[in-house]
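# Analysis of the macromolecular model
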Amino acid sequence: MREMALATAAMACATVAAQQACAAAGASSDPPLAAWPVAESVQPGASLAAVGNCAVCHTAPGGVPFAGGRAFDTPFGTLYSTNISPDPKTGIGQWSPSDFSRAMRSGISRDGHRLYPAFPYPHFQGMTDIDLESVYRFLMTRDPVQAAPPKNHLTFPLQFRPLMAAWNMLFLHRPAEPQRVPDRADEKRGKYLVDTLGHCAACHTPLNALGAEKIGHAFQGAVVEGWEAPALTALLERPKPWTVDQMSAYLRTGLASEHGMAAGPMRDVTSALAYADPADVRAMASYLMTLQTTAAPAQAATSTADRADTAQLRRGSTLFAAACASCHDDAAPMSAYGGRPSLSLGTAVNARSARNAVRFVLHGIRDKDSAGALYMPAYSATLTNAQIADVTAFMRARFSTQAPWRVDASYVAKLRKEKSEP
C-alpha cells in the first residue's frame, strides 16, 4: 500500500518534478579541493563526520571505508550508498565545495541528478557553512577508491529520479516542529548536532506513506532495518531513568551500565561516535534528555489474554538455564562482577514490543570494534523459532514488571526472515 501511495503521488507530480530537475542541473564551476591550499588540519571534519556516521552508511560490509555500496532495504526497494571517497571517476574527487553543499542540503548531485531521501539531506540542510566545509575537506583527504555501487532496485516508477523534486517540494522545507529552545550552551550545541549531522530523528521518528518523517511524532520511535529504534521522548520511563551521564556513555561506547548495550544499526552509530569530540557527544546527550515527556503508567496484565502461558514459561526457564544463565543469571560473574547491567534494567526486555529481545537472541551482538568485549553469541542456528519464543517470553516474565509478551514461533519466523544487521 505504501508503494502504491507513493507511486500515485509521484505520477501526479511528474511534470513539475521534471521541470524542477532541469532547473537544478549543472555542476558548480568552483575548483575541487585539489586546487585549494591543503587545510592545516582535518580533525574538525573527522569529528563531525563521526557524528554524521558517514563511514557507517557509505561502507559496504567488508568494503573500503567511504567507497559506498552498502545496501538499504526500504519499503520502496533496495538502495545502495554512493562512493564518497575522492576518486575522480566514481567518487567525489571532481566535486567543489559548492557541489558538496548542494548535495548535502538539497539532495542534488554534481551532475544534477536527484538523490533519494534515504540520504538524510533534509537534516543536513541546517548545517553551517563552516561545518559543511570541514566535512568536505576531511572526505577529500581520504584515500580515493574506484568503486561504483550496485544498481538500485526500486518499485516503479521510482527509478525516475526527477520525481524526487516533487518529494522535496512536499517535505524538504516544511516548517520545523515546535520544540523547547534549550537554555544552556551545551544543550543548544546538542540540538544542532542531533537535528542536523546526527539526524537522530531520521531513525527514531515513524515515517508516513511517502517515506517522510511524520509531523507531530518526532523522536517517538520507529522500526529501522528490522530493529525497533525506541522513543527518545520516553527515557524517563525505564526501570532506572536515563541520565546525561548514562546517555553520553552509551553513545560513545555502546554500553550504559544501568541500561544495556547497543545492537543492530545503533551499534554502528556508537562505534562511529567513539571518534567524535567527547564534548559534542555529551552535548547531544544533554539535549536528548530535554525531549522527555511525562512518564506513562506501567503496563498491567489485567485480562486473561495478557497473562503469561505457564507451559511456555516452564520451557523457557529450562532453555534460559542452559543457554543464558551463565552470563545473565543474577549470580553470573558477568552480572555480579563484570559491570554489565541486569536484564531487568535492559531496554529490550522492558520494551512494549518483543522485537528487539527476539533479535538479540537470533543475531546476538557482534564484537566488531569493541574495546569492551561487548559480545553475545547468536542462537539463530541452534534454537528453533518455538524455543526462541519460549526463552524470550520467560525473560520478559522473570526480569520485567511489564505485561507479558504474546510471542510465538510464527512471530520469531517473521523476524528471522527480515534482513537486519546484528
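For the structure, check the block above.
For the structure given in this document, a descriptive report is provided here. All values reported here derive from a predicted model rather than from experimental measurement. One numbering rule holds for all chains: residues counted from 1, following each sequence as written. Totals for whole chains, interfaces and linings use all residues, but because this is a predicted model, local features are given only for residues with pLDDT of at least 70 and pairs of side-chain atoms are given and counted only at 80 or more. Excluded from the side-chain calculation are hydrogens and water; included are all heavy atoms of the structure.

## Quick word on the environment of Ala 381
- Relative to the assigned elements, Ala 381 resides in the loop between helix 18 (355-363) and helix 19 (385-399).
- Here's how the labels work: a residue is buried when its accessible area is under 20% of the maximum for its type, exposed when over 50%, partly exposed in between, all with a 1.4 Å probe on protein chains only. With a relative accessible area of 77%, Ala 381 lands in the exposed category. Going along the chain from the N terminus, every DSSP run of H or I of four or more residues is numbered as a helix, and every run of E of two or more is numbered as a strand.

## A closer look at the pattern of salt bridges
- Salt bridges are identified by distance alone: a Lys or Arg side-chain nitrogen within 4 Å of an Asp or Glu carboxyl oxygen. The final tally for this structure, using the stated rule, is 16 salt bridges.
- For Glu 225, the salt bridge goes to Arg 70, with nearest N and O atoms at 3.4 Å. Placement of the pair is Glu 225 in the loop between strand 4 (222-224) and strand 5 (227-229) and Arg 70 in the loop between helix 4 (54-57) and strand 1 (71-74), with a sequence separation of 155 residues.
- On the basis of relative accessibility, which here comes to 8%, the residue Arg 70 falls in the buried class.
- Note that Arg 137 is salt-bridged to Glu 133, the shortest N-O span being 3.0 Å. With Arg 137 and Glu 133 both in helix 7 (residues 129-140) and four residues apart, the pair spans about one turn of that helix.
- One network of salt bridges, with partners in common, ties together Arg 70, Glu 225 and Asp 268.

## Description of the packing of helix 14 (residues 310-323) against helix 19
- Think of each axis as a best-fit line through the C-alpha atoms, taken over the contacting stretch in the case of a helix, with angles from 0 to 180 degrees between the N-to-C directions. Look at helix 14 against helix 19: their axes get within 7 Å of each other, and the N-to-C directions meet at 95°. Put simply, helix 14 runs roughly perpendicular to helix 19. Contacts between helix 14 and helix 19 involve Gln 312, Leu 313, Arg 315, Gly 316, Ser 317, Leu 319 and Phe 320 from the first element and Gln 387, Ala 389, Asp 390, Val 391, Ala 393, Phe 394, Met 395, Ala 397, Arg 398 and Phe 399 from the second.
- Put simply, Ala, Val, Leu, Ile, Met, Phe, Trp, Tyr, Cys and Pro go in the nonpolar bin, Asp, Glu, Lys and Arg in the charged bin, and everything else, Gly too, in the polar bin. Its residues assigned to classes, the contact of helix 14 with helix 19 shows 10 nonpolar, four polar and three charged. Oblique is the label for any angle not covered by the other classes, which are roughly parallel (under 35 degrees), roughly antiparallel (over 145) and roughly perpendicular (65 to 115). A contact between two residues is defined here by any heavy atoms of the two lying within 4.5 Å.

## Some remarks on helix 19
- For helix 19, built from 15 residues, the straight-helix expectation of 21 Å at 1.5 Å per residue is met to within 8% by its first-to-last C-alpha distance of 21 Å.
- When helix 19 is considered as a whole, its buried residues turn out to be Ile 388, Ala 389, Asp 390, Val 391, Thr 392, Ala 393, Phe 394, Met 395, Arg 396 and Phe 399.
- Buried residues in helix 19 make contact with helix 14, helix 15 (325-328), helix 17 (347-350), helix 18 and helix 20 (409-417). The length a helix should cover is 1.5 Å for every residue beyond the first.

## A closer look at the pairing of strand 2 (residues 77-80)
- For two strands to be treated as a pair, DSSP must find at least two bridges joining them. Summarising the sheet, strand 1 and strand 2 pair through four bridges and their orientation is antiparallel. The residue of strand 2 that forms the bridge with Asp 73 is Thr 78.
- Where strand 1 folds back onto strand 2 in an antiparallel hairpin, the turn is made up of two residues.
- Pairing between strand 2 and strand 3 (residues 153-154): two bridges, direction antiparallel. Bridge pairing links Thr 78 to His 153 in strand 3.

## Some thoughts on the packing of helix 18 against helix 19
- Packing of helix 18 against helix 19 brings their axes to within 10 Å, and their N-to-C directions diverge by 130°. Looking at the two axes, helix 18 sits oblique to helix 19. In terms of crossing hand, the pair formed by helix 18 and helix 19 is right-handed. Together, Ala 357, Val 358, Val 361 and Leu 362 of helix 18 and Ile 388, Val 391, Thr 392 and Met 395 of helix 19 make up the contact between the two elements.
- Residue composition of the contact of helix 18 with helix 19, by class: seven nonpolar, one polar and no charged. If you view the pair so one helix is near and one far, a crossing is left-handed when the near helix is turned anticlockwise from the far one by less than a right angle, and right-handed when it is turned clockwise.

Honestly, it's all geometry; don't read function into it.
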